[in-house]
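Chain residues, written in single-letter form:
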Amino acid sequence: MRIEFRCRRLALTAALIVATVGAAQAPARTIADCHAIASNAERLACYDSVSARPAAAQPAAPAQGTDFVPQDAMARAVALEAPQAKLSILDTAWGFDQAAPKFDIRFYRSNYFLVARYSDDPNVGPYVPLFEAAGEPVHLDSTEAKFQLSFKARFWASEDRRWGLWAAYTQQNQWQVYNDEISRPFRETNYEPEIFVAWRPGMDLPGGFKWNLLTGGFNHQSNGRTDVLSRSWNRLFLEGAVERENLVLSARVWYRIPESDEDDDNPDITDYLGHGQIGAMYRWRGHTFSAAARGNLNKGKGAFQAAWYSPPILGPFRGYVQVFTGYGESMIDYNWNQTTIGAGVALSDGL
């Protein structure tokens, strides 16, 4: 009996040794092995084992049948799957996000085409010498087309994108496209290049507003004409904008750079266009509503413009309605008071 007992002990010991050696010689798990494990807890433990990461102390496992996920694993999963914070209107329009490219081209002011724009009192006066020279009666249609192209380009930015150096160009055209009596000419074309610095202050203000934009630089605007039709001015400007959710409020002030009497085509232009402008824009369910006012309070002259942009109706194109009243819808009309309304399509709403 004693010999039989010793034999059994020896057999058991040998079996344990063989099992231990076999386990030691078994191939280590790979990432692919871990990937095939269904349980989150076991799969994470496998990844930690393969990567030689020290295993964290795990809380007691729940009852059988539940899929237990360790807290640290859950936290990492949530961090990876959490959506990024939504950028504000100004941050998006000006590329203030650190992930935005340093060198960029974007829309600047509104880009639109008014198929028909009606004026209650077309400004005929400046064109009288041209018609008289041609021996033709003065005739301008009250309804014409109007369009604007505007974009900006950033050619330097700080690493955090809060500072940037920009150049911009805006062109606006009034087109007598329905006036076949005078060969459908462009009645007026305005050219407006700018160069400026943009900065994101990122300051919280009362009422839930945030100051997210400040720009300052040089602006030139002219109609590229000669003699009696020439209009132009140069300005230094400073503009700021604040926002709250879907509302943006802006204000721009400017200083006209003086010109000599011989070169000044419109010495009284600030009497009509003033020294600054305020604006507002609100986005709601795909619609955009905007308004802007400028003028010279001392002279009692100014202008107001309002616009509505529909949600996209054909690709990126949106329905667009524009109403203007006052002085200076264009450079040739800087001292002319009229009310206009037009409808067409737009590609951008000015931000």
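Reading guide: rules and limits
- Residues numbered from 1 in each chain as written.
- Predicted model: local features only at pLDDT ≥ 70, side-chain atom pairs only at ≥ 80, totals over all residues.
- Heavy atoms only, no water.
- Patch = residues over 30% accessible without salt bridge, like charges linked within 9 Å, V, L, I, M, F, W, Y side chains within 5 Å.
- Areas by Shrake-Rupley, 256 points an atom, 1.4 Å probe, with all protein chains shown as cover.
- Salt bridge = Lys/Arg side-chain N within 4 Å of Asp/Glu carboxyl O.
- Lys, Arg positive; Asp, Glu negative; His and termini not counted.
- Charge placed at Lys NZ, Arg CZ, Asp CG, Glu CD.
- Helix = DSSP H or I, 4+ residues; strand = E, 2+ residues; numbered from the N terminus.
- Buried < 20%, exposed > 50% of the residue type's maximum accessible area, 1.4 Å probe, protein only.
- pLDDT = per-residue confidence, 0-100.
- Contact = heavy atoms within 4.5 Å.
- Phe/Tyr/Trp six-rings, centres within 6.5 Å; stacked < 30°, edge-to-face > 60°.
- Lys NZ or Arg CZ within 6 Å of the ring centre and 35° of its normal.
- Polar contact = N/O pair within 3.5 Å; in protein donor to acceptor, adjacent residues only side chain to side chain.

## Here's the deal with a negative patch on the surface
A surface patch of negative charge is lined by D261, E262, D263 and D265. Assignment of secondary structure puts D261 in the loop between β9 (247–256) and α7 (269–273). D261 gets classed as exposed once you look at its relative accessible area, which sits at 73%.

## Here's the deal with the confidence of the model for the chain
Residue-level pLDDT values for the chain average 86, and 79% of them are 70 or greater. In the predicted structure, residues 1–7 sits below a pLDDT of 50 and forms zero contacts with residues beyond four places in sequence or in another chain. Counted against residues more than four places away or in other chains, residues 65–69, with its pLDDT under 50, gives nine contacts.

## Digging into the packing of aromatic side chains
Two aromatic rings, taken as a pair, are described by how far apart their centres are and by the angle between their planes. In the structure shown here, the tally under the stated rule is 16 aromatic pairs. Centre to centre, the rings of W199 and W211 are 6.3 Å apart; their planes meet at 70°, and the pair counts as edge-to-face. Taken together, the positions of W199 in strand β5 (residues 186–199) and W211 in strand β7 (residues 210–222) put the pair twelve residues apart, joining distant regions of the chain. Joined through ring pairs, the aromatic side chains of W94, Y108, W166, F196 and F237 make up one cluster. Across from the ring centre of W94, 4.5 Å away, lies the NZ or CZ of K152, which sits over that ring. Here the guanidinium or amino end of R252 rests over the ring plane of F237, the centre of that ring lying 4.0 Å away.

## Brief notes about a nonpolar patch on the surface
Where nonpolar side chains cluster on the molecular surface, the patch consists of F103, F155, W156, W163, I195, V197, F218, L236 and Y255 and spans about 920 Å² of accessible area. Taken together, the elements giving at least two residues each to the nonpolar patch come down to β3 (143–157) and β5. The topology assignment puts V197 in strand β5.

## Structural notes on unusual backbone geometry
For S183, which is not a glycine, the phi torsion comes out positive at approximately 65°. Here S183 is to be found in the loop between β4 (163–175) and β5. S183 gets classed as exposed once you look at its relative accessible area, which sits at 63%. Positive phi outside glycine occurs at E245, with the angle close to 55°. Examined against the element boundaries, E245 turns out to sit in the loop between β8 (232–244) and β9.

## Focus: the side chain of S110
Relative to the assigned elements, S110 resides in the loop between β1 (104–107) and β2 (111–119). The exposure class of S110 is buried, given its relative accessible area of 8%. Of note is the side chain of S110, whose polar atom sits 3.0 Å from the backbone oxygen of S348. Once residues lying within four places of it in the same chain are set aside, the contact partners of S110 are Q148, S150, Y309, S348, D349 and G350.

## Side note on the environment of A45
Tracing the chain through its elements places A45 in helix α3 (residues 40–50). Sequence spacing of A45 and C34 is eleven residues, and the spatial spacing of their C-alpha atoms is 8.6 Å.

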